[in-house]
Amino acid sequence: MSRILLIEDDPLIGEGLTYFLESRGYACIWRQTSDQVESHWYQADLVILDRQLADGDSLRHLPHWLSIKALPVIMLTAKVDVEQRVEGLMAGAKDYVIKPFSHDELLARVVAQLRPLGESRLSYQGIEIELSQRSVTLKGEAIDLKPKEFQLLLLFVQHQGRVFHREELLNKIWGYQAFPTTRTVDNHILRLRQKLPGLTIETLRGVGYRLVAT
């Protein structure tokens, strides 16, 4: 069982995330201030860290904590400024999640960070996805995918059978950037189907898309 250290000063978020993560099979230690962190850092396999705690910016402590034990850190923040996100990544964070966020999205990022280093390839109906090289082949033939197409493919293959609403896909793949309509998603799905005929993505009218599980 992987152990997650959650550092979040908002009781609603902290309690909700603790319950959610434990319901998904993780052991979760929740702390609300930076002075409660160090003794628990040793025990954790991954850290979810709120950027702005009641006792200040948690980023000023992160290099020290990482010197104690190198752990994957996912930052939670209400700040969408690119420079501030870069600061977090430069300080040692592995990923960023912007508030408000989907629990399912955060879980996917947790799973990705905890994935064993040896697990570097995914397969679906003759499609091979090489994660480390971000490359895709179909029955041995290299397929040229644009970055957003690759991210969509990876999301669907990692969550086979799950229904994704168009708005959710916009949020997960394109983040906070604004696009005029959900046709952005539709066009990318269309190109994925054209490039990867073995990819069985169902359209659920008025809802979204689902990859048929193998």
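What counts and what doesn't
Residues numbered from 1 in each chain as written. Predicted model: local features only at pLDDT ≥ 70, side-chain atom pairs only at ≥ 80, totals over all residues. Heavy atoms only, no water. Helix = DSSP H or I, 4+ residues; strand = E, 2+ residues; numbered from the N terminus. Buried < 20%, exposed > 50% of the residue type's maximum accessible area, 1.4 Å probe, protein only. 1 Å grid on protein atoms, 1.4 Å probe; cavity = no way out; pocket = protein on both sides within 12 Å on 5 of 7 lines; lining within 4 Å. Points joined across faces, edges and corners; volume = space filled by probe spheres on them. Nonpolar A, V, L, I, M, F, W, Y, C, P; charged D, E, K, R; others polar. Phe/Tyr/Trp six-rings, centres within 6.5 Å; stacked < 30°, edge-to-face > 60°. Polar contact = N/O pair within 3.5 Å; in protein donor to acceptor, adjacent residues only side chain to side chain. Contact = heavy atoms within 4.5 Å. Pairing = 2+ DSSP bridges. Axes fitted to C-alpha atoms, helices over the stretch in contact; angles between N-to-C directions. Parallel < 35°, antiparallel > 145°, perpendicular 65-115°, else oblique. Left-handed = near helix turned anticlockwise from the far one by under 90°.

Colleague: Quick question: what am I supposed to make of unusual backbone geometry here?
Modeller: Negative phi is the rule for most residues except glycine; trans is the rule for most peptide bonds. Residue Pro100 is reached from Lys99 by a cis peptide bond, and omega for that bond is -10°. Here Pro100 shows up in the loop between β7 (95-98) and α5 (103-114). Although it is not a glycine, Gln125 sits at a positive phi angle of roughly 50°. You can call Gln125 partly exposed: its relative accessible area is 48%. Of note in this structure, Lys139 is not a glycine but carries a positive phi near 50°. Take Lys139: it is sitting in the loop between β10 (135-138) and β11 (141-143). On the basis of relative accessible area, Lys139 is assigned to the exposed category, the value being 73%.

Colleague: I would appreciate a short explanation of the layout of surface pockets in the present structure.
Modeller: Remark: the empty space left among the atoms is shown by a probe the size of a water molecule rolled over them. The space that makes up the second largest pocket amounts to roughly 160 Å³. If you trace the second largest pocket, you find 11 residues lining it, with Ala108, Val111, Arg115, Gln158 and His159 closest to the centre. Considering every element that reaches the lining of the second largest pocket, the biggest residue donor is α5, with four residues. Here the residues of the lining of the second largest pocket sort into four nonpolar, two polar and five charged.

Colleague: Which parts of the structure should I look at to understand the packing of aromatic side chains?
Modeller: Two aromatic rings are characterised by how far apart their centres lie and by the angle between their planes. Tallying each qualifying case throughout the model produces two aromatic pairs. Note on Phe156 and Phe164: the rings are 5.7 Å apart at their centroids and 85° apart in plane angle, and the pair reads as edge-to-face. Residues Phe156 and Phe164 agree in their burial class; the two are buried.

Colleague: For this particular structure, what's the right way to read the side chain of His188?
Modeller: By the secondary structure assignment, His188 is in helix α8 (residues 183-195). In this structure the side chain of His188 is engaged in a polar contact, spanning 2.9 Å, whose partner is the backbone oxygen of Thr184. In this view, His188 contacts Lys148, Glu149, Leu152 and Trp174; residues no more than four positions away in its chain are not counted.

Colleague: Please explain the pairing of strand β3 (residues 46-50) as it appears in this structure.
Modeller: The buried count for β3 comes to five of five residues, which makes it a mostly enclosed element. Covered by surrounding structure in β3 are Leu46, Ile48 and Asp50 together with Val47 and Leu49, the residues of both alternating faces. In terms of strand pairing, β3 meets strand β6 (residues 73-77) through four bridges, oriented parallel. The partner of Asp50 across the bridge, within β6, is Leu76.

Colleague: How do you make sense of the sheet that holds β11 when you look at a structure like this?
Modeller: The strands making up a sheet associate through backbone hydrogen bonding, with each pair oriented either parallel or antiparallel. Strand order in the open sheet formed by four strands is β8-β9-β10-β11, and the pairing between neighbours is antiparallel. Among the strands making up the open sheet, the edge pair consists of β8 (121-124) and β11. Ignoring strand direction, the axes of neighbouring strands in this sheet form an average angle of 25°. With four bridges joining them, strand β9 (residues 127-130) and β10 adopt antiparallel strand pairing.

Colleague: What's the story with the packing of helix α1 (residues 11-23) against α5 in this structure? I'm lost.
Modeller: Geometrically, a packed helix pair is captured by the angle between its two axes and the distance between the axes. The interhelical angle for the contact between α1 and α5, taken along N-to-C directions, is 60°, at an axis separation of 11 Å. The angle between α1 and α5 falls in the class oblique. In the crossing of α1 with α5, the sense of the turn from one axis to the other is right-handed. Contacts from Gly16, Leu17 and Phe20 in α1 reach His103, Asp104, Leu106 and Leu107 in α5.

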